[in-house]
Amino acid sequence: MNIENYKKDIDACRFCFMCRHVCSVARVTHEEEMTPRVRGLLLSMVLRKATDYTEEISEKIYQCTLCKYCKEWCEGGWDLPSAIIAARFDLVKKGLVPEVVKNVKESLIKFDNAYNQEGPISTDLQEVVSQYITPAKTLLLFGSSVLYLSPEIGLSAVNIFKKGKVDFMVLKREAASANELYNLGYIKEAKEKALTLLEKIKTSDCQEVVTLSGSLYYLLTEGITKMELEVGNLRVYHITGFLLKLISEGKIELKKTLNKKLTYHESDYLARYSKLHDEPRKLIKQIEGVDYVELRWNRGKARSIGSALIKNTYPDLATKLLKTRLDEVIKTGVDTLIISSGEDKSSFINSTDKPSSLQIIDIVELIDELS
Amino acid sequence: MLNQNDEYLTSMILSELEDVVGENNLKTKNVDRFAHAVDFYWVPRVWVDRGKNPILPECVVYPENVEQVSKIVKISNTHRIPLTAWGGGSGSQGGALPIKRGIVLDMKKMNRVIDINESAYTVTAEVGIIHQNLEWELEKKGYSTMHVPASISCATLGGFLAHKGTGVLSTKYGKIEDLIINMEIVLPNGDIVNTLQVPRHSCGPDLNQLFCGSEGTLGIITKATVKMFDTPKYRKFQAFMFKNMHDALDAGRKIMTKRLQPSVIRLYDEEETIHQIERVLGVKKNGCYLVFGFDGRDEEIVNKLMESAVNICLETSTESLGSNFGESWWEHRYKFFYPPYLMDLPEAFGTMDTVATYDKIEKIYWGMKAAAESFQGTKFIAHFSHWYEWGCMMYDRFIIHPDYVPKDPDEAIRLYNKVWNKCIRVSLNNGGLLNEHHGVGLKMSYLMQEQYGPAFQVLRKIKNVLDPNNIMNPGKLGF
């Protein structure tokens, strides 16, 4: 069993109560069975062969958002999220995956997104894709949430690159779902997707990759090693880091001021997977006139609104997570919420609890507007 | 409630419960019941560690308001179903374990902060709130209940009230029972009652102190108003080493009897200084580690009180460690409770806290230490963490090396209880009590009669009147 590799973490977590108040799912459900220690306890019983994996256990394991808040909070250094992924590998092997998860898996494999969408929704973006497929120095990866949910972010990135005269290209089709498949426990399929992406990157002959997606950034900088693959000497940027570089090199200039009170929400990938906290904030600091307010729960402790996976498997959980984070944003009194994720932008914009006065904008769109 | 002959009756009862709380708040799946069968008590932990299944409740319900609690209690009474309240499940005495199966009433969905009264300096909340969340709400306005134990991240306000919990700052701000203003309780017959509006009066016995510490055996606490305080502007620490327990205890006693009112004093015996302090803080010293702190909003007063306490310590200490170690201890005070800093299986360990007057506590310490260490492979560590003008509390633990813990869980539990019985009776026989702030629960239920002697009949009769069907957390607190 894969969870045997994480026996120490499982045994450490099974009786410990120290992170239950910050676990994303336990925090919004208030249910004992949704706490990290119960997941640890269940896996410890499987390890001890007191029970085999069951459908009930499987459901609990897949109801974890893998936001990694528990790991971030833990002062003992334990890694329950990795144990949960290991358990998912086991569950996939045993064919004990909940139906809702299987559906998302099919979508990831067929369409490279969790939304069951066959093609990108934006014709403008499709046009861009067809124009910029010639090999270039910089490869821009949109990520599935931009392609399928928030194409305006992709268009803004292209605009900025044009302004900055960046020699760039895009892929006709991205193969962007390796991380998601891995997190669902489909290691074989995840590896295939990752290999496909790496092959496309290699064929593009680019020297650097810039991605709008926190998930792809994590995959190419760290996640890929867990699949026993590597990107070689390729330089990988998250878009926020690349935009800072363009500004520092004088290739783009922020010409306009913005007299707004705003705050920034970071996705799980930026908050806790890659811990990319400073670049987005440095970018915001470049903007003249803003009144920046930090959310109470920020950086590594930024509260999760769930990933594409939880939104498409257990949407009720995702709705609850979104509401609590939105409440936190509203309490700051800001008129603008900045995010750096197509997924999160879509979630906030489509929330029925969002006040009409609150503007939601991706940082790339903002830089495009002001440059 | 459940046996094979009762199948349809079980369905009828579950339907009644579902009618009260709704489908989403009634849990009957194995994993949900299992989640409520293991708390922080060593016994169910060793049980599951050995691959055995713990005692499961028949179902779990999550009420969302006091009316639902009342209805559930009435259903339990009608059908004579044991009812166990569950807050954070972080108790170390087995108080929340559903040992007679029945219904577990998980209070965590009753978690609203209802009122922060900035005139009276009180806060009212539903007791299912995880206490850290309550503290974070108060922190926004610059307040705190000052009830901040390590279990703050998992325990609920109700759990603290039910077993008379305490926090790191109790020496100055009091235990939970000192913080209560009033409470709302659902009695075993389902009636919803409130204690009087304020706790100090001359209107008969204090009902707060009847239900606080009753561990769910006399009723379900659903709402409470407790004191809050301004967050102190200044908090300062000092730490000292003493060559022996006697000198260190005496220094602590003098600090308290001189009414200097430190917010915290913590004295670690030699074993625990090595076991815990060295591991967490890197203090490699022989002797006993004493740390204390003063807090307040006036720096001059804080400094003056600190100076007096320091002077007391300087009389007999071997080394002043200054403020850094004290501040480091404060900063890392919760780190002790994360694995691997906390004791864990495969060791057998028990927290045997007791409390006594100053003239008795040292003898109890040495007696319990000798009793514990008379068992092979057993170590005894202790710290004194909650101090009063008349005495102090000893937070002592025995730890049995894994090599001496039987693999068979039944044998392991019997050895565990043997150590416990021998040690705790040393305390009882020398003027100490069964427990100071973790509660009695299942662990020491059978010793309550022995501790109280003839006075136990008072508690027994109250229990018989309030809960004649013995549905409320049966098997706990001596009932």
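When you go through chain B residue by residue, the secondary structure sums to 17 helices and 19 strands. Relative to the globule expectation of 23 Å for 479 residues, the C-alpha radius of gyration of chain B, 23 Å, shows essentially globular dimensions. Overall size of chain B, expressed as C-alpha extent along the three principal axes, is 70 × 55 × 40 Å. Sequence-distant contacts, at least 24 apart, represent 72% of the contacts inside chain B between residues at least 6 apart.

Attention now moves to the packing of helix H8 (residues 123-131) of chain A against helix H10 (residues 151-163) of chain A. Residues and elements named next belong to chain A. H10 packs onto H8 with a crossing angle of 40° between their chain directions and a minimal axis gap of 9 Å. Classified by the angle between their axes, H8 and H10 sit oblique to one another. Both H8 and H10 take part in a crossing whose hand is left-handed. Mapping the contact onto sequence places Asp124, Leu125 and Val128 in H8 and Pro151, Gly154, Leu155 and Val158 in H10. Taken together, the residues that form the contact of H8 with H10 break down as five nonpolar, one polar and one charged.

All names here are of chain B. Taken residue by residue, helix H5 (residues 131-139) has His131, Leu134, Glu135 and Leu138 as its buried positions. One side of H5 carries all its buried residues, which in axial view fall inside an arc of 100°. Residues of H5 that are buried sit in contact with strand E5 (113-117), strand E6 (122-126), strand E7 (143-144) and helix H6 (157-163).

So, on to helix H10 (residues 245-257) of chain B. In a regular helix each residue adds 1.5 Å, so 13 residues correspond to 18 Å; H10 of chain B covers 18 Å between its end C-alpha atoms and thus fits that length. Among the residues making up H10 of chain B, those that are buried are Met245, Ala248, Leu249, Ala251, Gly252, Arg253, Ile255 and Met256 of chain B.

As for its position among the elements, alanine 302 of chain A is in the loop between strand E6 (291-292) and helix H17 (308-313). Distance from alanine 302 of chain A to tyrosine 264 of chain A, taken between C-alpha atoms, is 9.8 Å for residues 38 residues apart in sequence.

To continue, consider the nonpolar core. Membership of the largest hydrophobic core comes to 267 residues, with the highest contact counts inside it found for Val61, Leu105, Leu161 and Leu290 of chain B. The leading source of residues in this core is helix H6 (residues 80-94) of chain A, at eight residues. Apart from residues no more than four positions distant in its own chain, valine 61 of chain B is found in contact with Leu17, Val21, Asn25, Leu26, Ile72, Ile103 and Leu105 of chain B.

If you look at the interface, chain B gives 32 residues, while chain A gives 25 residues. Here the side of chain B that touches chain A gets four residues from one element, more than from any other, and that element is helix H2 (residues 30-35) of chain B. A class-by-class count of the residues in the side of chain B that touches chain A yields 13 nonpolar, 11 polar and eight charged.

All names here are of chain B. One can read the domain layout of chain B as domain 1 (4-107), domain 2 (113-230), domain 3 (234-337) and domain 4 (348-443). Of note, the centres of domain 1 and domain 4, computed from C-alpha atoms alone, are 30 Å apart. Partitioned by chemical class, the residues of the side of domain 1 that touches domain 4 number seven nonpolar, five polar and two charged.

Moving on to the domain arrangement of chain A. One widely used convention gives an interface's size as the accessible area the parts lose upon coming together. Residues and elements named next belong to chain A. Taken domain by domain, chain A consists of domain 1 (2-97), domain 2 (123-248) and domain 3 (261-370). A straight line from the C-alpha centre of domain 2 to that of domain 3 covers 21 Å. Of all the secondary structure elements, the ones that give two or more residues to the side of domain 2 that touches domain 3 are helix H9 (144-148), H10, helix H11 (178-184), helix H13 (214-226) and helix H14 (239-248). Of the residues contributing to the side of domain 2 that touches domain 3, the split by class is 13 nonpolar, 12 polar and three charged.

Residue and element names in this part refer to chain A. Taken in spatial order, the four strands line up as E2-E1-E3-E4 in an open sheet, and their pairing is parallel. Taken across any chain shown, the strands that pair with only one partner, and hence form the sheet edges, are strand E2 (168-170) and strand E4 (235-238). Taken pair by pair, the neighbouring strands of this sheet meet at an average axis angle of 25°, ignoring direction. Note that strand E3 (residues 208-211) and E4 share four bridges and pair parallel. Among the inter-strand pairings, valine 209 is bridged to a residue of E4, identified as valine 236. Together, strand E1 (138-141), E3 and E4 form the strand contacts of H13, whose direction differs from that of E4 by roughly 155°.

All names here are of chain B. The element E6 is largely enclosed, with a buried count of four among its five residues. Between the end of E5 and the start of E6, which pair antiparallel, lie four residues, with tyrosine 121 showing a positive phi angle near 60°. Bridge analysis of E6 against strand E10 (residues 220-227) gives five bridges, and the strand direction is antiparallel. Note on E10: the bridge partner recorded for threonine 124 is threonine 225.

Here the amide bond leading from proline 339 of chain B into proline 340 of chain B is cis, since omega sits at 5°, within 30 degrees of zero. Mapped onto the fold, proline 340 of chain B is located in the loop between helix H13 (322-331) and strand E16 (348-351). For the bond running from leucine 345 of chain B to proline 346 of chain B, omega is 15°, close enough to zero to count as cis. Tracing the chain through its elements places proline 346 of chain B in the loop between H13 and E16. We note that arginine 299 of chain A has phi near 55°; this positive angle belongs to a residue other than glycine. By secondary structure assignment, the location of arginine 299 of chain A is in the loop between E6 and H17.

Let us look at the sheet that holds strand E8 (residues 359-362) of chain A. All names here are of chain A. Strand order in the open sheet formed by four strands is E6-E5-E7-E8, and the pairing between neighbours is parallel. Of all strands in the sheet, those with a lone pairing partner are E6 and E8, marking the two edges. For strand E5 (residues 261-265) and E6, the ladder comprises two bridges, and the chain directions are parallel. When the bridges of E6 are listed, lysine 261 appears paired with aspartate 291.

What counts, and where the lines are drawn
Residues numbered from 1 in each chain as written. Chains lettered and ligands numbered in written order. Predicted model: local features only at pLDDT ≥ 70, side-chain atom pairs only at ≥ 80, totals over all residues. Helix = DSSP H or I, 4+ residues; strand = E, 2+ residues; numbered from the N terminus. Rg over C-alpha atoms; globule rule 2.2 N^0.38 Å. Contact = placed C-beta atoms within 7 Å. Axes fitted to C-alpha atoms, helices over the stretch in contact; angles between N-to-C directions. Parallel < 35°, antiparallel > 145°, perpendicular 65-115°, else oblique. Left-handed = near helix turned anticlockwise from the far one by under 90°. Nonpolar A, V, L, I, M, F, W, Y, C, P; charged D, E, K, R; others polar. Buried ≥ 20, exposed ≤ 12 C-beta atoms within 10 Å, placed from the backbone. Arc of directions from axis to C-beta. Expected span 1.5 Å × (residues − 1). Core = buried A, V, L, I, M, F, W, Y, C linked by C-beta atoms within 7 Å. Domains from an automatic or database assignment. Pairing = 2+ DSSP bridges.

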